[in-house]
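# Residue-level structure breakdown
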Amino acid sequence: MLSLERCRKVLGSDTKLSDEDLATLRDQFYCLASLALERRDQQKKSALERTDRVLVDRDALEERAAIIEFEGNVSRSEAERNAVALALENDHLN
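Residues numbered from 1 in each chain as written. Predicted model: local features only at pLDDT ≥ 70, side-chain atom pairs only at ≥ 80, totals over all residues. Heavy atoms only, no water.

### Quick word on the overall build of the chain
As a reminder of what qualifies: Strands are runs of DSSP state E lasting at least two residues, helices are runs of H or I lasting at least four, and both sets are numbered from the N terminus onward. For the exposure calls, accessible area comes from a 1.4 Å probe over protein chains only, and a residue counts as buried if that area is under 20% of its type's maximum, exposed if over 50%, partly exposed in between. Pairs of residues are marked as contacts when any of their non-hydrogen atoms sit within 4.5 Å. In these tables, accessible area is a Shrake-Rupley quantity obtained with a 1.4 Å probe, and a residue counts as shielded only by the protein chains included in the view.
Secondary structure summary: the chain contains 4 helices and 0 strands in total. A burial count over the chain gives 13% of its 94 residues as buried. Considering only residue pairs separated by 6 or more positions, the chain has 29% of its internal contacts joining residues 24 or more positions apart. Summed over all atoms, the accessible surface of the chain reaches about 7,600 Å², with 54% contributed by carbon and sulfur.

Structure representation (structure tokens):
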């Protein structure tokens, strides 16, 4: 945790906050940062869970990619990316 001295240095020499107010502000920023990181981690976990559900049916993804590759005349890697994107989109809609 940042010291009050460091906080004053970051905010600049013209800061008029009392030590108590500065400590409260610092604590609130730490709380906000913690909540933001928690939310980011939840979103990552949710995205990974959705991806895991979609990737369970690997055979269907490979078949879809093959069709996209053939019909769209695109590279295999692009077809695979499109197949996964479509599966994720369909999962999101369900």
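### Thoughts on a nonpolar patch on the surface
Using the following cut-off: Nonpolar side chains (Val, Leu, Ile, Met, Phe, Trp, Tyr) within 5 Å and like charges within 9 Å form the patches, drawn only from residues with over 30% relative accessible area and no salt bridge. The term salt bridge refers to a side-chain nitrogen of Lys or Arg lying within 4 Å of a carboxyl oxygen of Asp or Glu.
A surface patch of nonpolar side chains, about 320 Å² in accessible area, is lined by Met1, Leu2 and Tyr30. The class of leucine 2 is partly exposed, set by a relative accessible area of 37%.

### So, the nonpolar core
Definition in use: For the purposes of this section, nonpolar cores are sets of buried Ala, Val, Leu, Ile, Met, Phe, Trp, Tyr and Cys residues that join through side-chain atoms within 4.5 Å.
Counting 6 residues, the largest nonpolar core is built from Leu61, Ala65, Ile68, Ala79, Ala83 and Ala87. Broken down by secondary-structure element, the contributors of at least two residues to this core are α3 (58–72) and α4 (76–93).

### A closer look at α3
Note the threshold: Here, expected helix span is obtained from the residue count minus one, scaled by 1.5 Å. The arc in question is formed by the directions pointing from the helix axis toward the C-beta atoms.
Here α3 spans 20 Å end to end across 15 residues, near enough to the 21 Å set by a 1.5 Å rise per residue. Listed in full, the buried residues belonging to α3 are Leu61, Ala65 and Ile68. Angular distribution of buried residues about the axis of α3 spans 65°; they occupy a single face of the element. Exposed residues on α3 whose side chains face more than 90 degrees from its buried face are Asp59, Glu63, Phe70 and Glu71. Looking at the residues trailing α3, positive phi occurs at asparagine 73, about 50°.

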